[in-house]
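Observations on chain architecture
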Amino acid sequence: MTTVTTSRARTPRALDWRLRFAVLSLIWGFSFLLIKVGTDGYAPFQVTLGRLFFGTAVLAAAMTVKRERLPRGARTWGHLFVAALLLNALPFSLFAYSELTIPSTLAGICNATSPLWGMALSLVALSEDRPSRVRVAGLGIGFLGVLTVLGAWQGFDGLDARGTAMALLASLSYPIGWIYVRRTLAGTGHSHLSLTGAQLLVATVQLAFVTPLFTAFPTRFPLAPLLAVAALGALGTGLAVLIQYGLVAEVGPTTGQMVTYFIPVIATAAGVTLLGETLTWSTPVGAAIVLAGAALTQARPRRRGREDRARVTEAEQVGATGTEPTATESTEATVVETPSTTTPKDRTPQAPPAPPCTPNQNQNPNPSATASPRPLSKL
């Protein structure tokens, strides 16, 4: 008798999701420091253009490896033009301009207000998103934290109003973009990577047209700011998107979006220790209040009791009739496991369920491909 031995190829295991979570937090937390260093040698529009260029190059390489193609259709590209403006070109430029006059620590804290703006806008723009009392309370607490950071009781003394307003407008641009994407690009059938790469490509083209109109070509290329811009794009805009996409696919959007709450902490630590920025007591206290409010705005009510029993009953009926349940649109995918009603003899092997396709604001690797208004990149 001849025995045949088969060898199974060992597939490389991905890094533990906790390690990738920490790397993603560090990359996005240090982005504000890199913006500050970049603007020391180049104009804000040039920093944004370089950031988008290097970020697009990373995603183009990933698309080549995975043999992904750019999406087709004039309508899709028209929506991508608006999404690229709201989620990339505009907020990136506003953050770069804001850090000419405000510290990177303040810019990082202003970025954490995106969930607050998103909550406020959802009350008007998303009729299906009915907030609970807890989420409304979180909205109020969050904006109280913003006033604490800005030192409202001191009349905003010593604060550059223009730079702070730009940073807050940048954080507001993200949820506006998410809502637009949710209404126009969700469910187009294109992959996350394809839409993200196309969106960054469009944003790069937008900045390539705008930058020469407002800035002159640099006469010198200082090395440290140039390296900061390259790292900002390749890591903070390119690699971070790929990391977050895999993270959300593995542990789900709820855990994936928690990275948002570490960004201002890391941005503050980096600005104080590496750039020597000053820190008053109101900044960390206000930041903690902002993060607490943002966390409350993301809270979802737990549905128990009758609704759970109704789902179980419906699932049992599905198992008995052998029909598939109708998928419903929700913010987070829910998988309900039900016992089979067939005997072991009649049971047939079933394919495992596919993982939900779900990226901050803060955070969703590509909001263009999901029905939930999550951030493509918080930064």
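Residues numbered from 1 in each chain as written. Predicted model: local features only at pLDDT ≥ 70, side-chain atom pairs only at ≥ 80, totals over all residues. Heavy atoms only, no water.

**Points about a nonpolar patch on the surface**
Together, Leu-70, Leu-201, Val-205 and Phe-209 make up an exposed nonpolar region whose accessible area comes to about 370 Å². Inspection of the secondary structure assignment puts Phe-209 in helix α8 (residues 192–214). (Patch = residues over 30% accessible without salt bridge, like charges linked within 9 Å, V, L, I, M, F, W, Y side chains within 5 Å. Areas by Shrake-Rupley, 256 points an atom, 1.4 Å probe, with all protein chains shown as cover. Salt bridge = Lys/Arg side-chain N within 4 Å of Asp/Glu carboxyl O. Helix = DSSP H or I, 4+ residues; strand = E, 2+ residues; numbered from the N terminus.)

**Things to note about the packing of helix α6 (residues 133–150) against helix α12 (residues 282–297)**
Contact pair α6 / α12: the axes reach a minimum separation of 7 Å and the direction vectors enclose 165°. It follows that α6 is roughly antiparallel to α12 by the angle criterion. As for how α6 packs across α12, the hand of that crossing is left-handed. Taken together, the residues of α12 that come into contact with α6 (itself represented by Val-134, Arg-135, Gly-138, Leu-139, Ile-141, Gly-142, Leu-144, Gly-145, Val-146, Thr-148 and Val-149) are Ser-282, Thr-283, Val-285, Gly-286, Ala-287, Ile-289, Val-290, Gly-293, Leu-296 and Thr-297. (Axes fitted to C-alpha atoms, helices over the stretch in contact; angles between N-to-C directions. Parallel < 35°, antiparallel > 145°, perpendicular 65-115°, else oblique. Left-handed = near helix turned anticlockwise from the far one by under 90°. Contact = heavy atoms within 4.5 Å.)

**Looking at the pattern of salt bridges**
The tally for this structure, following the rule as stated, stands at two salt bridges. One salt bridge in this structure joins Arg-18 and Asp-16, with 3.3 Å as the shortest N-O distance. The exposure class assigned to Arg-18 is exposed, which follows from its relative accessible area of 52%. A salt bridge links Glu-250 to Arg-20; its shortest N-O distance comes to 2.2 Å. Residue Glu-250 is located in helix α9 (residues 223–251), and its partner Arg-20 is located in helix α1 (residues 17–38); the two are separated by 230 residues in the primary sequence. With relative accessibility at 14%, the residue Arg-20 sits in the buried group. (Buried < 20%, exposed > 50% of the residue type's maximum accessible area, 1.4 Å probe, protein only.)

**Considerations on unusual backbone geometry**
The phi dihedral of Arg-67 falls on the positive side, at around 55°, and the residue is not glycine. Examined against the element boundaries, Arg-67 turns out to sit in the loop between α2 (44–65) and α3 (74–98).

**Structural notes on empty space enclosed by the protein**
Of the volumes computed, that of the second largest cavity is approximately 40 Å³. What lines the second largest cavity is Leu-106, Ile-109, Cys-110, Thr-113, Val-146, Val-149, Leu-150, Thr-164 and Leu-168. If you list the elements that add at least two residues to the lining of the second largest cavity, you get α4 (104–111), α6 and α7 (161–184). Of the residues assigned to the lining of the second largest cavity, the class counts are seven nonpolar, two polar and no charged. (1 Å grid on protein atoms, 1.4 Å probe; cavity = no way out; pocket = protein on both sides within 12 Å on 5 of 7 lines; lining within 4 Å. Points joined across faces, edges and corners; volume = space filled by probe spheres on them. Nonpolar A, V, L, I, M, F, W, Y, C, P; charged D, E, K, R; others polar.)

**As for the environment of Leu-106**
Here Leu-106 is to be found in helix α4. Sequence separation between Leu-106 and Thr-268 is 162 residues; the distance between their C-alpha atoms is 7.7 Å. Each residue touching Leu-106, except ones within four places of it in the same chain, is listed here: Val-149, Leu-150, Leu-159 and Thr-164.

**Description of the nonpolar core**
Within the largest apolar cluster, 66 residues are counted, with the highest numbers of intra-cluster contacts made by Leu-24, Trp-28 and Phe-95. Ranked by the residues each element gives to this core, the list is headed by α3, at nine residues. (Core = buried A, V, L, I, M, F, W, Y, C linked by side-chain atoms within 4.5 Å.)

**Some remarks on α3**
An ideal rise of 1.5 Å per residue puts 36 Å on 25 residues; α3 measures up with 34 Å between its terminal C-alpha atoms. A maximum bend of about 45° is found in α3 at Leu-85. (Expected span 1.5 Å × (residues − 1). Bend = angle between axes of the 7 residues up to and from the residue.)

**Observations concerning the confidence of the model for the protein**
Averaged over all residues, the pLDDT of the protein equals 77, while 71% of them reach at least 70. Every residue in residues 1–9 is under pLDDT 50, and counting partners more than four places away or in other chains gives zero contacts. (pLDDT = per-residue confidence, 0-100.)

**Quick look at α1**
Here α1 is 22 residues long and its end C-alpha atoms lie 30 Å apart, about the 32 Å a rise of 1.5 Å per residue gives. The largest bend along α1 measures about 35° and falls at Ser-31. Regarding α1, its N-cap is Asp-16, as a side-chain oxygen of that residue lies 2.9 Å from the backbone nitrogen of Arg-18 further along. (Polar contact = N/O pair within 3.5 Å; in protein donor to acceptor, adjacent residues only side chain to side chain.)

**Some details on the packing of aromatic side chains**
In this structure the tally under the stated criterion is 10 aromatic pairs. A ring pair is formed by Trp-17 and Phe-21, whose centres lie 6.4 Å apart and whose planes are at 90°; its orientation type is edge-to-face. Of the two residues, Trp-17 and Phe-21 both sit in helix α1, four residues apart, roughly one turn of that helix. Residue class for Trp-17 comes out partly exposed when judged on its relative accessible area of 23%. Judged by its relative accessible area of 11%, Phe-21 falls in the buried class. (Phe/Tyr/Trp six-rings, centres within 6.5 Å; stacked < 30°, edge-to-face > 60°.)

**Remarks on the environment of Ser-194**
Summarising the element assignment, Ser-194 is placed in helix α8. Using a relative accessible area of 1% as the deciding quantity, one classes Ser-194 as buried. Sequence spacing of Ser-194 and Glu-68 is 126 residues, and the spatial spacing of their C-alpha atoms is 6.3 Å. Non-local contacts of Ser-194, meaning those with residues more than four positions away in its chain, are made with Met-63, Glu-68, Arg-69, Leu-70 and Pro-71.

**Looking at the environment of Leu-80**
Mapped onto the fold, Leu-80 is located in helix α3. Counting along the chain gives 120 residues from Leu-80 to Leu-200, while the straight-line C-alpha distance between them is 9.1 Å.

**A look at the packing of α1 against α4**
At a closest axis distance of 9 Å, the pairing of α1 and α4 adopts a crossing angle of 135°. Overall, the two elements α1 and α4 adopt an arrangement that is oblique. When the axes of α1 and α4 are compared, the crossing they make is right-handed. Across the interface between the two elements, Phe-32, Leu-33 and Lys-36 of α1 pack against Ser-104, Ala-107, Gly-108 and Asn-111 of α4. Looking at the contact of α1 with α4 residue by residue, the class counts come to three nonpolar, three polar and one charged.

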